[in-house]
Amino acid sequence: MKRAPNTDLRGRTAIVCGASSGIGLAIAEELDRAGANVAMFARRRQLLEKEADRIGALAVQGDLTSPRDLRKLVERTIGTFGGIDILVNNGGGPPAGPALEIDDESLEDAVTLLLFSAVRLTNLCLPHLRESKAGRIINITSSAVREPIDNLALSNAVRPGLVGWAKTLSHELGSQGITVNSIAPGRIATERLEELYETRSRDEDLAQIPLGRFGDPHEVAAVVAFLASGAASYVTGTLIPVDGGASRGLL
Ligand code: NAD
């Protein structure tokens, strides 16, 4: 008899951050399609509630930079679904700009948005991920962690710290059956990309992508759904590019 696919997420609960648009919204849709209960977290209440209603997910409005909002996210998810199996750390990116213009305030904001939020929320979720039969932590970062992108100095400076933390965490949690992986999207067609093309050339970027087009958010979400599933049970501590072949390095 043929075996059932190992990508079914029925009976599992996922938290997806930055879920009102772009990559986060596509991830919420994809995990829901695979059968998971999904808690969607983002700042824009109306948009978030509209999308969560459409998908049939739980909407929790809040800001990733607020420890109180992160506690509320975990409490509401546990109150509604009774557990947490999958955590997707995702959100907005820091403003574009050169390294010469980084000051204390912009650096602190970027560290709070990109690093503190993921570490804090993961720590809040860990007691529940430990209760899961197969806990999953998945971070959405950027191709900038492999190849820094001109004029995105804050992203280039702070995101590698997240990947370093995730790699270390994967070693510490392996014995508890929890996997920790990160995804490095290249150029994905979202609101964020449109903002970036206010200050850089779209055609020059397209010319660097072997597949000859920008990615669709669902092409990132499909990799997240795989990592969240039983099919990825022996994958941990990795950084997976989803960039249409744009990064030039071998590893
Ligand atoms: P997006 O701007 O389209 O969506 C970001 C989502 O996060 C939105 O739902 C927004 O409301 C939410 N969000 C932003 N700040 C938040 C906060 N403080 N608290 C709660 N929610 C918040 O962005 P995207 O293109 O989907 O990108 C997602 C992540 O991937 C970002 O960190 C981005 O920098 C990164 N990334 C994107 C690309 C790309 O080409 N789109 C490439 C590499 C990396």
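Coordinates for the structure precede this section.
Residues numbered from 1 in each chain as written. Predicted model: local features only at pLDDT ≥ 70, side-chain atom pairs only at ≥ 80, totals over all residues. Heavy atoms only, no water.

Caption draft 1: Focus on helix α3 (residues 67-81). End to end, α3 covers 21 Å across 15 residues, agreeing with the expected 21 Å (1.5 Å per residue, within 8%). Contacts made by the buried residues of α3 are with β1 (13-17), β2 (37-42), β3 (58-61) and α4 (104-131). G82 sits one or two residues past α3 and shows a positive phi near 85 degrees. (Helix = DSSP H or I, 4+ residues; strand = E, 2+ residues; numbered from the N terminus. Expected span 1.5 Å × (residues − 1). Contact = heavy atoms within 4.5 Å.)

Caption draft 2: Here's a closer look at the environment of L124. You can see L124 is positioned in helix α4. Given the relative accessible area of 30%, L124 is considered partly exposed. Beyond its immediate sequence surroundings of up to four residues, L124 is in contact with L70, R71 and V74. (Buried < 20%, exposed > 50% of the residue type's maximum accessible area, 1.4 Å probe, protein only.)

Caption draft 3: A look at the sheet that holds β3. The strand order across the open sheet formed by seven strands is β3-β2-β1-β4-β5-β6-β7, and the pairing between neighbours is parallel. The open sheet has two edge strands with one neighbour each: β3 and β7 (239-242). Geometrically, the sheet is characterised by an average inter-axis angle of 20 degrees between neighbouring strands, direction not taken into account. Pairing geometry for strand β4 (residues 86-89) and strand β5 (residues 136-140), over four bridges, is parallel. Within β5, the position partnered with V88 by the bridge is I138. (Pairing = 2+ DSSP bridges. Axes fitted to C-alpha atoms, helices over the stretch in contact; angles between N-to-C directions.)

Caption draft 4: Spotlight on the site of the ligand. Taken together, 29 residues lie around the ligand, and S20, I23, R159, I188 and T190 are the ones closest in. Here an oxygen atom of the ligand sits 3.4 Å away from a polar atom, N or O, in the side chain of R44. Starting from 830 Å² of accessible surface for the ligand in isolation, the protein chains cover 94%. Elements with a minimum of two residues in the shell around the ligand: α1 (22-33) and α6 (191-196). A per-element tally of the shell around the ligand places α6 first, with three residues. Tallied by class, the residues present in the shell around the ligand amount to nine nonpolar, 13 polar and seven charged. (Near = heavy atom within 4 Å. Polar contact = N/O pair within 3.5 Å; in protein donor to acceptor, adjacent residues only side chain to side chain. Areas by Shrake-Rupley, 256 points an atom, 1.4 Å probe, with all protein chains shown as cover. Nonpolar A, V, L, I, M, F, W, Y, C, P; charged D, E, K, R; others polar.)

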